[in-house]
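Reading the structure
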Amino acid sequence: MKVWVCTCFDTSFDFCEQKYNVRYDSFDIEIIRGSSEEGHNLFIETTKENAKLANEAARRFLSEICWLYQSRVEIIAGGGWASHKTPTNVAFRKFARIGGGIDLTSYRQIASTHEQKIALGIYREAFSSNSIFYKFLSCFKIINMTYKTGKEQKDWINNNIEKLIKSKSKIEQLKQEGITNLGEHFYHSGRCAIAHSNIISGEPIADADNHEDNFRIGREIEVIKELAEIIMSDELMIPTRGQLIKYY
């Protein structure tokens, strides 16, 4: 039985063309650009038996779009299937995007391993979240993918801090404030403080309504994000868009 997997989503940047056809894994994907009053729509024609895999391919493809174009990708509706190719219209919502940022004319799937696909999914969730605390924790999860223990994670951060470019000024600012062991700082006052909330333990807890915690995590999120990107690019071997442009 033929069915349609339909996913409605939004992005920070708009698509350059009204329609694209791409391939992810074994599925052909059609993307229809939205408008100021409509979300983008993604369609996959498949069988009822393969609908779950098609839905997964749709989400993994959108995670690649987030990574390649550094664009927020919010999945508004999707996860099921329908007997007809039916666009999803979101009532009472306006969409504002930066024009002409995503061109899929030369798109080729970049993730081939299970680890790469997991990392890209976590990255999309982090990049697209409105919560700085969730962003921080998600980016730390990407570091955790390769480095299991807290010590390994802290050591890796300290050994790779000099590679930072976009957030270098944030690092200098922290050092000026007397924070010398940056791995220890990000792990305990960031990762653990956000993930844990046991008051009896006496360990730090990141309070979502506290001014200092909001300022600190908001300032340091770009550091952890760039460190996660280094893991993804250098160790999980996920190519960036810039690398692909040079290659092709």
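Conventions and cut-offs
All residue numbers refer to positions counted from 1 along the written sequence of the respective chain. Owing to the predicted nature of the model, reporting of local features is limited to residues with pLDDT of at least 70; listing and counting of side-chain atom pairs is limited to 80 or more, with chain, interface and lining totals taken over all residues. Side-chain measures here rest on the full set of heavy atoms in the structure, leaving out hydrogens and waters. Every case where a carboxyl oxygen of Asp or Glu lies within 4 Å of a side-chain nitrogen of Lys or Arg is listed as a salt bridge. The secondary structure listing takes helices from DSSP runs of H or I that are at least 4 residues long and strands from runs of E that are at least 2 residues long, numbered from the N terminus. Only protein chains enter the area calculation, which uses a 1.4 Å probe; residues under 20% of their type maximum are buried, those over 50% are exposed, and those in between are partly exposed. Put simply, a nonpolar core is a bunch of buried Ala, Val, Leu, Ile, Met, Phe, Trp, Tyr and Cys residues held in one set by side-chain atoms that sit within 4.5 Å of each other. Here, residues are in contact when the closest pair of their heavy atoms is within 4.5 Å. Expected helix span is taken as 1.5 Å per residue step, with the number of steps being one fewer than the number of residues. Pairing of aromatic rings covers Phe, Tyr and Trp, the last through its six-membered ring, and needs centres within 6.5 Å; plane angles under 30 degrees mean stacked, over 60 mean edge-to-face, and all others mean tilted.

1. Here we look at the pattern of salt bridges
- According to the stated counting rule, one finds 20 salt bridges in the structure shown.
- Ionic pairing is found between Asp-10 and Arg-97, a salt bridge with its closest N-O pair at 2.6 Å. Here Asp-10 is found in strand E1 (residues 2-11), whereas its partner Arg-97 is found in the loop between strand E6 (73-77) and strand E7 (98-102), with 87 residues between them in sequence.
- What makes Asp-10 buried here is its relative accessible area of 3%.
- The partner of Asp-213 in a salt bridge is Arg-216, with the nearest N and O atoms 3.2 Å apart. Here Arg-216 and Asp-213 lie together in helix H7 (residues 211-235), a separation of three residues that amounts to about one turn.
- Looking at Arg-216, the relative accessible area reads 16%, which means it is buried.

2. Looking at the nonpolar core
- Grouped together as the largest cluster of nonpolar side chains are 66 residues, with contacts concentrated most on Ile-31, Phe-61, Leu-104, Phe-186 and Leu-227.
- In terms of residue count, the dominant contributor to this core is helix H1 (residues 51-69) (11 residues).
- The residues touching Phe-186, leaving out its near neighbours within four places in the chain, are Phe-136, Phe-140, Ile-157, Ile-161, Ile-171, Leu-174, Arg-191, Glu-220, Val-223 and Ile-224.

3. Things to note about helix H6 (residues 182-195)
- Here H6 is 14 residues long and its end C-alpha atoms lie 18 Å apart, about the 20 Å a rise of 1.5 Å per residue gives.
- Burial of H6 is extensive: 10 of the 14 residues sit out of reach of the surface.
- Those residues of H6 lying buried are Leu-182, Gly-183, His-185, Phe-186, Tyr-187, Ser-189, Gly-190, Cys-192, Ala-193 and Ile-194.
- Packing partners of the buried residues in H6 comprise helix H3 (132-146), helix H4 (150-160), helix H5 (168-176) and H7.

4. A few points about the packing of aromatic side chains
- Applying the stated criterion across every chain yields a total of eight aromatic pairs.
- Between Phe-9 and Phe-15, the aromatic rings sit 6.1 Å apart at their centres with planes inclined by 90°, giving edge-to-face as the arrangement. As far as burial versus exposure is concerned, Phe-9 and Phe-15 are alike and both buried.
- When the centroid spacing of 5.8 Å and the interplanar angle of 40° are considered together, the rings of Tyr-123 and Phe-127 count as tilted. You can see Tyr-123 and its partner Phe-127 sitting in helix H2 (residues 114-128), four residues apart, about one turn around the helix.
- A residue is classified by how much of its surface remains accessible, and Tyr-123, at 1% relative accessible area, is buried.

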